[in-house]
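Geometric and topological summary
So the chains spell out like this:
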Amino acid sequence: MKHFNPATLRIAAFLPAFLLMISISGGCQGFNKHRSGLENAVTLRAINRLPSVLIESSGIELSGSNRIWSHEDSGNSNELYCSDTTGTLLRTLVISNVSNTDWEDITADNDETWFIGDFGNNNNQRTDLAIYIIPDPETITENTVTAGIINFSLSDQSAFPPPSSGKNYDIEAMAWYADSLYLFTKDRSNPFTGIVKMYVLPDQPGSYTARLAGSLFAGSTTGSGRVTAADINLHTGELMLLTNEKLISFKDYPGNHFFEGTKTEYSFKALPGQNEGLAFVSSNKLYMTEEGSGSTPGYLYEIILPQPQYIDEKPGLHTLSAYPNPASDMLRILPVPDGQVYVFSLQGKLVKYITPLNHEIDITGLLRGTYLLCTEINGKPARCIFIKN
């Protein structure tokens, strides 16, 4: 007769809750925090329609509270358009030495340098990912400019395209922070995992391999889990990610480990069209753009952030901390588990169980992918998401 470890049965009983809860906790977060996250609802106020040249607005950056720069995406012109909040087109700037394969986001540093992300990759098969570097458009007197170029690849992509289950290399969001560019994926995997991956690379012209620097469970549906834009408030350090249903904020993070900070979600009270661009106006106000339809441009929206309301951690459920994440061989976990650690696929299949040694588990034998780590801490279930390189 086969005997089962009681802890295994308890883990199995909690597994549906684990898979549901990761959308609340955001994957591997600090296990010692009293509160797991924040959640609020915000109203999108439609300010005005965008100019008619911006049917497919895909990213935005501001050079002033009423000077909004945007661009279109795949197959459109290699131009930036400046408009105001009335929807009046003020200026057009041509980036003369590059084309628009699939421009998806635009961002700026703290020293009058702007970056245009030509990294849209719906089919996950591009090998010509690029970022174009220009001065702040307000410092350019002509209507054309030549861009510096960053060419890059992704450190964990080896197939072009990968299998459907691994299609998470479409990048549609970018932010600058402390001399580096941070890129965020729009998950196109099937079955859908809801994981956003974060890559980092230098902000200078050249050819690079963008390093996978973190991952986060953003949501269980394509509306909540696909990230389409990002921005960082360079005064407060707040990172904001945009999906079609919500904003995801990160504050008070250590160094550049954004996903280890305090996480807040702002759900939209009413859903717009296809959300595309996002930019901070002030510490509690953002502008957002949507893609239009047919010959009609989408709207420019204003978002006012409320005071966040804390949500208490779910009772009876601990959170693990696992690092480095992603990892390729040894994964260190805290706090110390009571016994064995169970590795599940995101579809709920038990892949293997491991006995930790000195706070570490050996994951060398796992295939590349995203996994759910489950165990018990002081007799109560605990969980964490990790990526195996």
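Just so it is clear, the structure is predicted and the values come from calculations on it, not from any experiment. (Residues numbered from 1 in each chain as written. Predicted model: local features only at pLDDT ≥ 70, side-chain atom pairs only at ≥ 80, totals over all residues. Heavy atoms only, no water.)

**Comments concerning the environment of Val341**
Residue position: Val341 is located in strand β27 (residues 341–345). Take Val341: its relative accessible area is 0%, and that puts it in the buried class. C-alpha separation for the pair Val341 and Ile354, spaced 13 residues apart in sequence, amounts to 5.2 Å. With sequence-adjacent residues up to four places away left out, Val341 is seen in contact with Ile333, Lys352, Tyr353, Ile354, Pro356, Ile361, Leu373, Cys374 and Thr375. (Helix = DSSP H or I, 4+ residues; strand = E, 2+ residues; numbered from the N terminus. Buried < 20%, exposed > 50% of the residue type's maximum accessible area, 1.4 Å probe, protein only. Contact = heavy atoms within 4.5 Å.)

**Topic: the pattern of salt bridges**
In this structure the tally under the stated criterion is 11 salt bridges. Across the pair Lys246 and Glu265 runs a salt bridge, and its minimum N-O distance is 3.2 Å. Here Lys246 is found in strand β18 (residues 246–251), whereas its partner Glu265 is found in strand β19 (residues 262–268), with 19 residues between them in sequence. Glu265 matches Lys246 in its accessibility class, with the two residues each being buried. Through salt bridges with shared partners, a single ionic network connects Asp170, Glu172, Lys186 and Arg188. (Salt bridge = Lys/Arg side-chain N within 4 Å of Asp/Glu carboxyl O.)

**Description of the state of the cysteines**
By definition, a disulfide links two cysteine residues through a covalent bond between their sulfur atoms. Applying the stated criterion across every chain yields a total of zero disulfides. The cysteine Cys374 is free of any disulfide, with Cys384 supplying the nearest cysteine sulfur at 9.6 Å. (Disulfide = S-S within 2.5 Å.)

**As for the confidence of the model for the chain**
For the chain, per-residue confidence averages 87 on the pLDDT scale, and residues scoring 70 or more make up 87% of the total. In the model, residues 20–37 has pLDDT below 50 throughout and makes 54 contacts with residues more than four positions away in sequence or in other chains. Per-residue pLDDT stays below 50 along residues 310–316; that stretch engages in 20 contacts with residues further than four places along the chain or on separate chains. (pLDDT = per-residue confidence, 0-100.)

**Some details on the sheet that holds strand β2 (residues 44–49)**
Within the open sheet, the four strands sit side by side as β2-β22-β21-β20. Their pairing is antiparallel. Each end of this open sheet is capped by a strand with a single partner; those strands are β2 and β20 (274–282). Direction aside, neighbouring strands of the sheet carry axes that sit 25° apart on average. Of the strand pairs in this sheet, β20 and strand β21 (residues 285–291) are connected by seven bridges, and their pairing is antiparallel. Counterpart to Asn275 in the pairing with β21 is Glu290. (Pairing = 2+ DSSP bridges. Axes fitted to C-alpha atoms, helices over the stretch in contact; angles between N-to-C directions.)

**A short note on the layout of surface pockets**
Quantified by volume, the largest pocket comes out at close to 720 Å³. For the largest pocket, the lining is made up of 31 residues, of which Ser165, Gly166, Arg368, Gly369 and Thr370 are closest to its centre. Elements supplying a minimum of two residues to the lining of the largest pocket: β14 (195–202), β30 (369–377) and β31 (380–388). The dominant element in the lining of the largest pocket, judged by the number of residues it contributes, is β30, at three residues. Along the lines of polarity and charge, the residues of the lining of the largest pocket split into 12 nonpolar, 12 polar and seven charged. The calculated volume of the second largest pocket comes to roughly 430 Å³. Around the second largest pocket, the lining comprises 22 residues; the ones closest to its centre are Glu61, Ile232, Leu234, His235 and Phe280. Among the elements of the structure, β3 (57–64), β7 (103–108), β12 (171–177), β16 (229–232) and β20 are those that each provide at least two residues to the lining of the second largest pocket. In terms of residue count, β3 provides more of the lining of the second largest pocket than any other element does, four residues in total. The class makeup of the residues in the lining of the second largest pocket is eight nonpolar, nine polar and five charged. (1 Å grid on protein atoms, 1.4 Å probe; cavity = no way out; pocket = protein on both sides within 12 Å on 5 of 7 lines; lining within 4 Å. Points joined across faces, edges and corners; volume = space filled by probe spheres on them. Nonpolar A, V, L, I, M, F, W, Y, C, P; charged D, E, K, R; others polar.)

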